[in-house]
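Residue strings, one per chain:
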Amino acid sequence: MYSDSVFAILRLALIFASLVLSLTVRSFTRRRVLFLPICALAFYNIRLAPRTHPNFDNLIGLWNMTAVLFASDYLLLTDAHKELSKQSSTGDAKIRDVGLAPFAVRFRWAVELVLNPRGVGWIHEPPRGTLAPVPHPQYRTRSHLLLRIVGLSFFLDLACIPLGLNPAFQNAVSTTSYGLGWRCISVYTFLIVTIPAQILPHDIWILILGGKDSPPWFGSFSDAYSVRSFWGRTWHQNLRRALKSHNRFMIHFLGIRPGSQLASFVNLYYGFFVSGVMHQLGGVGIGYGNLIFFCVQSLAITVETCVIALVKTSGIKVPPVVARTIGYIWVICWFSYCAPIWLDEMCMTGMVLVDPRSTLTYRTWMFMASTFAGE
């Protein structure tokens, strides 16, 4: 089983290495063709490779599908050599054909492009205000990063204890089986574990490879006063560029005028559909919960957009504090309702089964308790 895990990681590394090398090819047509073997290897790694542990298989599956999504953008849908480049030192757009550069320059450009999916410092960087502000340099020193990594590791370990005490997770049943209270506890304890689990690798990456100008992985949760702002500003924007390319392709394919109301509708629904398909195909051993969960997000955004429009047209003046408070309540209620669609199937496959006695926090506490008891 250990060797299977190692080979799965090596195949994943091969996929990203193949993507980088494919991006150095000068011909756009040949780059498009090279998308096929990358896609084939990724699907082999997801569906045909030996199974290890549900959590590991799911993680590997999602990273494989992430590679496919990036490859579909950089190789298939976008002439990356002509459309994607770094901003100039003044922050202005600076477009030049990278394909005319020597191999060493193209290789470095490809590595930096693949390692920077949010496009920070590139001409496709998200609009100002979308990503969280870059922390002050004093919060990106090696000592501060090390302290933060240790703190996140401790918090992640501690947060696993309530997961292990949750009866739904322990018994591998639906999170709705024990009433509304446990349903909400299940959703938000899982969210509390997910957040440091994603921030931790990002901070380790910055510590090892640098990137002090990289924005935080997540935006501010104070911006999560609507489902739209939660997905558009609070949650990580790792897939934003790739999903935008797929939306642009679909709008062009359907002959819809960019910037129109119909184009906005396609951007919303098709973007969440593609994200759902990516998570669905990457979720090894999981039913259709991923796809349904992401697709219904567009419905929630449509409902809240209509409600906001009705309030504005009615002339009702709602104080900002009241509006935000209502928004926070709406977002909490919405995810309490829809998250089990996705979380239940993870729960039933044993992906969130945690023994609280195996955590370092619990073991440390028991060691201290037995030590003091012995005295």
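Before reading further, recall that the structure is shown in the block above.
Report follows, based on the coordinates. (Residues numbered from 1 in each chain as written. Predicted model: local features only at pLDDT ≥ 70, side-chain atom pairs only at ≥ 80, totals over all residues. Heavy atoms only, no water.)

A few points about the packing of aromatic side chains
Then step 1. Enumeration over the complete set of coordinates arrives at 22 aromatic pairs.
Then step 2. Relative to Phe221, the ring of Phe218 lies with its centre 6.3 Å away and its plane at 50°, an arrangement referred to as tilted.
Then step 3. With 4.8 Å between their ring centres and 55° between their planes, Phe230 and Phe335 make a pair best called tilted. One end of the pair, Phe230, is in helix α9 (residues 227-234); the other, Phe335, is in helix α13 (residues 320-348), with 105 residues separating them in the sequence. Phe335 matches Phe230 in its accessibility class, with the two residues each being buried.
Then step 4. Connected via pairs of aromatic rings, a cluster forms that spans Phe190, Phe218, Phe221, Phe230, Trp231, Trp235, Phe272, Phe293, Phe294, Phe335 and Trp342. (Phe/Tyr/Trp six-rings, centres within 6.5 Å; stacked < 30°, edge-to-face > 60°. Helix = DSSP H or I, 4+ residues; strand = E, 2+ residues; numbered from the N terminus. Buried < 20%, exposed > 50% of the residue type's maximum accessible area, 1.4 Å probe, protein only.)

Notes on the layout of surface pockets
Then step 1. Each pocket or cavity is described by its volume, and for the second largest pocket that value is around 600 Å³.
Then step 2. Of all the elements in the fold, those that place two or more residues in the lining of the second largest pocket are α12 (289-314) and α13.
Then step 3. Counting residues per element, the lining of the second largest pocket draws most heavily on α12, at seven residues. (1 Å grid on protein atoms, 1.4 Å probe; cavity = no way out; pocket = protein on both sides within 12 Å on 5 of 7 lines; lining within 4 Å. Points joined across faces, edges and corners; volume = space filled by probe spheres on them.)

A few points about the environment of His279
Then step 1. Relative to the assigned elements, His279 resides in helix α11 (residues 261-282).
Then step 2. With 221 residues separating them in the primary sequence, His279 and Asn58 have C-alpha atoms 9.3 Å apart.
Then step 3. When residues no more than four places from it in sequence are discounted, the contact partners of His279 are Leu62, Leu239, Asn290 and Phe294. (Contact = heavy atoms within 4.5 Å.)

Describing the nonpolar core
Then step 1. Ranked by size, the top nonpolar core spans 40 residues in total, and within it Leu19, Leu23, Leu69, Phe70, Leu75, Trp109 and Leu113 carry the most contacts.
Then step 2. Mapped onto this core, the elements with two or more residues apiece are α1 (2-23), α2 (28-48), α3 (54-77), α5 (103-114), α10 (240-253) and α11.
Then step 3. Considering each element in turn, this core owes the most residues, nine residues, to α3.
Then step 4. Discounting chain neighbours no more than four positions away, the residues touching Phe70 are Phe16, Leu19, Pro117, Asn238, Leu239 and Ala242.
Then step 5. By size, the runner-up hydrophobic cluster in this structure holds 39 residues, among which are Leu152, Phe190, Val227 and Cys338. (Core = buried A, V, L, I, M, F, W, Y, C linked by side-chain atoms within 4.5 Å.)

Quick look at empty space enclosed by the protein
Then step 1. Across all of its chains, the model carries two cavities of 30 Å³ or more by this definition.
Then step 2. Here the second largest cavity defines a volume of roughly 30 Å³.
Then step 3. Forming the walls of the second largest cavity are Arg118, Thr130, Leu131, Ala132, Pro216, Trp217, Phe218, Gly219, Arg233, Trp235, His236 and Gln237.
Then step 4. Across the lining of the second largest cavity, the residue classes tally to six nonpolar, four polar and two charged. (Nonpolar A, V, L, I, M, F, W, Y, C, P; charged D, E, K, R; others polar.)

Focus on α2
For an α-helix the count is 3.6 residues per turn, leaving residues at separations of three or four pointing the same way.
Then step 1. For α2, with 21 residues, the first-to-last C-alpha span of 30 Å sits near the 30 Å given by 1.5 Å per residue.
Then step 2. What α2 keeps buried is the set Arg31, Phe35, Ile38, Cys39, Ala42, Asn45 and Ile46. Axial view of α2: buried residues confined to an arc of 125°, hence all on one face. Away from the buried face of α2 by more than 90 degrees, exposed residues Thr29, Arg30, Val33, Leu36 and Leu48 are located.
Then step 3. Looking at where α2 begins, the residue whose side-chain oxygen comes 3.4 Å from the main-chain nitrogen of Thr29 is Ser27. (Expected span 1.5 Å × (residues − 1). Arc of directions from axis to C-beta. Polar contact = N/O pair within 3.5 Å; in protein donor to acceptor, adjacent residues only side chain to side chain.)

Here we look at the pattern of salt bridges
If charged atoms from side chains of opposite charge come close, those side chains can pair.
Then step 1. All chains considered together, the criterion is met by seven salt bridges.
Then step 2. Glu112 is paired through a salt bridge with Lys86; the nearest N and O atoms lie 2.8 Å apart. In this pair, Glu112 is assigned in helix α5 and Lys86 in the loop between α4 (80-83) and α5, connecting sequence segments 26 residues apart.
Then step 3. Glu112 sits in the partly exposed class, given a relative accessible area of 24%.
Then step 4. Residue Lys86 is classed as partly exposed on the basis of its relative accessible area, which comes to 39%.
Then step 5. Between Arg108 and Glu112 there is a salt bridge, and its shortest N-O distance comes to 3.1 Å. Taken as a pair, Arg108 and Glu112 lie in helix α5 at a separation of four residues, close to a single helical turn.
Then step 6. Given the relative accessible area of 58%, Arg108 is considered exposed.
Then step 7. Taken together, the salt bridges that share partners define one network made up of Lys86, Arg108 and Glu112. (Salt bridge = Lys/Arg side-chain N within 4 Å of Asp/Glu carboxyl O.)

Function cannot be read off these values alone, since they describe shape.
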